[in-house]
Amino acid sequence: MASTRRTHQPGSHSPGRGAHARGTQRRAGQPGSSLHKNGAGLGGPDPLDYVSMYRNLGNPALNVPEHWHYVSFGLSDLYGDNRVHEFTGTDGPSGFGFELTFRLKRETGESAPPTWPAELMQGLARYVFQSENTFCSGDHVSWHSPLDNSESRIQHMLLTEDPQMQPVQTPFGVVTFLQIVGVCTEELHAAQQWNGQGILELLRTVPVAGGPWLITDMRRGETIFEIDPHLQQERVDKGIETDGSNLSGVSAKCAWDDLSQPPEDDEDSRSICIGTQPRRLSGKDTEQIRETLRRGLEINSKPVLPPINAQRQNGLNHDRAPSRKDSLESESSAAIIPHELIRTRQLESVHLKFNQESGALIPLCLRGRLLHGRHFTYKSITGDTAITFVSTGVEGAFATEEHPYAAHGPWLQILLTEEFVERMLEDLEDLTSPEEFKLPKEYSWPEKKLKVSILPDSVFDNPLQ
């Protein structure tokens, strides 16, 4: 799911339906059809005011084919009157600071642009408006369904800068243009294990998979790794080994239990588990987790978890426009327990719980992050629970080698030594092929007093059952 490359899972917010294109198609550089909708801020059901569609002739000299080009309007501030977006000045971001674009290969004989990309954009925009999480280049979106509701293998998305549309200064702030790029599941997984920018660059080198302008072809039947098998080993695997993963956190279905003996003071004991009402994250805890994800791309000799008392940083690194609420800020954080009343607790034994999709990322967390001296955070999408894995090279963590399991409210930190990480990778090898095992699946390291369970989604969706 900030400057950190996150994975976004907005699939629960279905795209708007019933859009009808009107107008005529024009030549490249001139507007064609537009889907005019009533934006959510103007009393309508859809977050985007409209989506413009253009017929782009491409660039034969660069081997760029003719295609349909879609541009959203509504994620940026179109009015400047605080009805939809807060006006923060001309030098800051306009609205969320970006609009979405999409390039779809034009099929032979196709005279009108398909409208489903506009519905897809509405779905992504709805996720942004409802969560107030913003996107940036290199982010990836787990969609788990063909983008056009067909049988296509293109079922997920990466985001990158639009190759033709440069950032613009408007009367209401700066707007950048982020292009949606459709990818196969295997390409999404490679982006998670390595980084989105690396996979985007590979897609640019394969004409049928995107080419220089990263045009999505919904009829593409092969992944870039099937087209060129050397790409996986020579580029992705070497990239992971050399660079590690840029994915430092995800929104996930997860939970944890304290298996330690409860202290004598029952009021102070706590167990984070499904079906209970855990204490909410304090504002400063929330900020530290947020900063953990923001700093995931900073390659320092000693990666640092920001201290709990760190002051809020308004700016985001790597040319990322500030978001009004980043991915790990709890919607309920206004009603929090005062930070000073929640003490950090050392735990003797813990039980981690993940759904299958989240569990499949554990090897990435271990190999791509911890073995490179970094950290990785799971933030529950169903509550305030958070689980951060840290290596011994990360400073600022409240988990230590002496006390490797530590909790601050519902935030658990787990410190793993390199030796234990290597062992866990061997024991969790089957997680890389989750289709081969049945749920629930349990892994246990008794001498480390650690247990990991991979559970069906229904356990997290219906916690009281």
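Residues numbered from 1 in each chain as written. Predicted model: local features only at pLDDT ≥ 70, side-chain atom pairs only at ≥ 80, totals over all residues. Heavy atoms only, no water.

Naming follows an unreviewed UniProt entry, where the protein appears as Suppressor of fused homolog of Crocodylus porosus. Word for word, the UniProt comment on the protein under Sequence similarities (unreviewed entry) is "Belongs to the SUFU family." (UniProt positions renumbered as here; feature names shortened; annotations may be inferred.)

*Asks:* Is there a simple way to explain the nonpolar core in this structure?
*Replies:* Side chains that are nonpolar tend, in soluble globular proteins, to be buried together. Counting 36 residues, the largest nonpolar core has Leu-352, Phe-354, Leu-366, Tyr-378, Ile-387 and Phe-389 as its most contacted members. Dropping the residues within four chain positions of it, Phe-354 is found in contact with Lys-253, Cys-254, Gly-359, Ile-362, Tyr-378, Ile-387, Phe-389, Val-452, Ser-453, Ile-454, Leu-455 and Phe-460. Listed in part, the 30 residues of the second largest apolar core include Trp-68, Ala-118, Met-121 and Ile-154. (Core = buried A, V, L, I, M, F, W, Y, C linked by side-chain atoms within 4.5 Å. Buried < 20%, exposed > 50% of the residue type's maximum accessible area, 1.4 Å probe, protein only. Contact = heavy atoms within 4.5 Å.)

*Asks:* I would appreciate a short explanation of helix α8 (residues 362–369) in the present structure.
*Replies:* For an α-helix, the turn length of 3.6 residues means that residues three or four places apart are oriented alike. For α8, the tally of buried residues reaches seven of eight residues, placing the bulk of the element in the interior. Listed as buried for α8 are Ile-362, Pro-363, Leu-364, Cys-365, Leu-366, Gly-368 and Arg-369. (Helix = DSSP H or I, 4+ residues; strand = E, 2+ residues; numbered from the N terminus.)

*Asks:* Whenever I open this one, a negative patch on the surface confuses me. Can you help?
*Replies:* On the surface, Glu-418, Glu-422, Glu-426 and Glu-429 cluster together into a negatively charged patch. When its relative accessible area of 61% is taken as the criterion, Glu-426 is described as exposed. (Patch = residues over 30% accessible without salt bridge, like charges linked within 9 Å, V, L, I, M, F, W, Y side chains within 5 Å. Areas by Shrake-Rupley, 256 points an atom, 1.4 Å probe, with all protein chains shown as cover. Salt bridge = Lys/Arg side-chain N within 4 Å of Asp/Glu carboxyl O. Lys, Arg positive; Asp, Glu negative; His and termini not counted. Charge placed at Lys NZ, Arg CZ, Asp CG, Glu CD.)

*Asks:* Is there a simple way to explain the pairing of strand β4 (residues 67–73) in this structure?
*Replies:* Within a regular strand, the side chains alternate between the two sheet faces. Most of β4 sits out of view: six of its seven residues are buried. Summarising the sheet, strand β3 (residues 50–56) and β4 pair through seven bridges and their orientation is antiparallel. Bridge pairing links Ser-52 to Val-71 in β4. As paired strands, β4 and strand β5 (residues 93–105) are joined by five bridges and run antiparallel to one another. Counterpart to Trp-68 in the pairing with β5 is Leu-104. (Pairing = 2+ DSSP bridges.)

*Asks:* For this particular structure, what's the right way to read the environment of Ala-360?
*Replies:* Locating Ala-360 in the fold gives a position in the loop between α7 (356–359) and α8. Looking at Ala-360, the relative accessible area reads 29%, which means it is partly exposed. In the structure, Ala-360 is positioned 72 residues away from Thr-432 in sequence and 6.0 Å away in space, judged by C-alpha atoms.

*Asks:* Even after reading the chapter, I still don't get the packing of aromatic side chains, so can you show me in this structure?
*Replies:* Two descriptors summarise a pair of aromatic rings, namely the distance from one centre to the other and the angle between the planes of the rings. The tally for this structure, following the rule as stated, stands at twelve aromatic pairs. For the pair Phe-354 and Tyr-378, a centre-to-centre distance of 4.6 Å together with 50 degrees between the ring planes defines the contact as tilted. With Phe-354 in strand β13 (residues 350–355) and Tyr-378 in strand β14 (residues 375–380), this residue pair connects regions lying 24 residues apart in the sequence. Accessibility classification places Phe-354 together with Tyr-378 in one group, the buried group. Consider the rings of Phe-398 and Trp-411, whose centres lie 5.3 Å apart with planes at 85 degrees: the pair is edge-to-face. Of the two residues, Phe-398 sits in the loop between β15 (386–390) and β16 (405–408) while Trp-411 sits in strand β17 (residues 411–415), which places them 13 residues apart along the sequence. Ring pairing ties together the aromatic residues Phe-354, Phe-376, Tyr-378 and Phe-389, which thus form one cluster. Directly above the ring of Tyr-79 sits Arg-83, whose terminal nitrogen or CZ lies 4.6 Å from the centroid. (Phe/Tyr/Trp six-rings, centres within 6.5 Å; stacked < 30°, edge-to-face > 60°. Lys NZ or Arg CZ within 6 Å of the ring centre and 35° of its normal.)

*Asks:* Teacher, can you tell me more about the pairing of strand β10 (residues 247–252) here?
*Replies:* Among the six residues in β10, six count as buried, and that is most of the element. Strand direction decides the pairing type here: β10 and β14, joined by four bridges, are parallel. Residue pairing in the sheet places Val-250 in a bridge with Tyr-378 of β14.

*Asks:* How should I be thinking about the packing of α8 against helix α9 (residues 418–427) in this particular structure?
*Replies:* The packing of two helices is summarised by the inter-axis angle and the distance between the axes. Two numbers describe how α8 lies on α9: the axes approach to 10 Å, and their chain directions differ by 145 degrees. With respect to the hand of their crossing, α8 and α9 are arranged in left-handed fashion. Seen from α8, the contacting residues are Pro-363, Leu-366 and Arg-367; seen from α9, they are Val-421, Met-424 and Leu-425. Of the residues belonging to the contact of α8 with α9, the class tally is five nonpolar, no polar and one charged. (Axes fitted to C-alpha atoms, helices over the stretch in contact; angles between N-to-C directions. Left-handed = near helix turned anticlockwise from the far one by under 90°. Nonpolar A, V, L, I, M, F, W, Y, C, P; charged D, E, K, R; others polar.)

*Asks:* What's the story with the pattern of salt bridges in this structure? I'm lost.
*Replies:* Side chains bearing opposite charge may pair, as long as their charged atoms lie close to each other. Tallying each qualifying case throughout the model produces 19 salt bridges. Note that Lys-105 and Asp-217 form a salt bridge whose closest N and O atoms lie 3.7 Å from each other. Linking Lys-105 in strand β5 with Asp-217 in the loop between α3 (196–205) and α4 (224–227), this pair joins segments that are 112 residues apart in sequence. By relative accessible area, which is 33% here, Lys-105 ends up partly exposed. Classification of Asp-217 by relative accessible area gives buried; the value is 14%. Of the charged contacts, one joins Arg-345 and Asp-258 as a salt bridge, the two residues approaching to 3.3 Å between their closest N and O atoms. Of this pair, Arg-345 sits in strand β12 (residues 344–346) while Asp-258 sits in strand β11 (residues 254–258); the two residues are 87 residues apart in sequence, bridging distant segments of the chain. A relative accessible area of 8% places Arg-345 in the buried class. By sharing partners, the salt bridges in this structure join Arg-55, Glu-66 and Arg-106 into a single network.

*Asks:* Please explain the sheet that holds strand β18 (residues 441–445) as it appears in this structure.
*Replies:* Working definition: the strands of a sheet are paired by backbone hydrogen bonds and lie parallel or antiparallel to each other. As summarised here, the arrangement of the four strands in space is β11-β13-β19-β18, forming an open sheet in which the pairing is mixed. Taken across any chain shown, the strands that pair with only one partner, and hence form the sheet edges, are β11 and β18. Across this sheet, the average inter-strand angle for adjacent strands is 15 degrees, counted without regard to direction. Of the pairings in the sheet, the one linking β13 to strand β19 (residues 450–455) comprises six bridges and is parallel in character. Among the inter-strand pairings, Leu-352 is bridged to a residue of β19, identified as Val-452.

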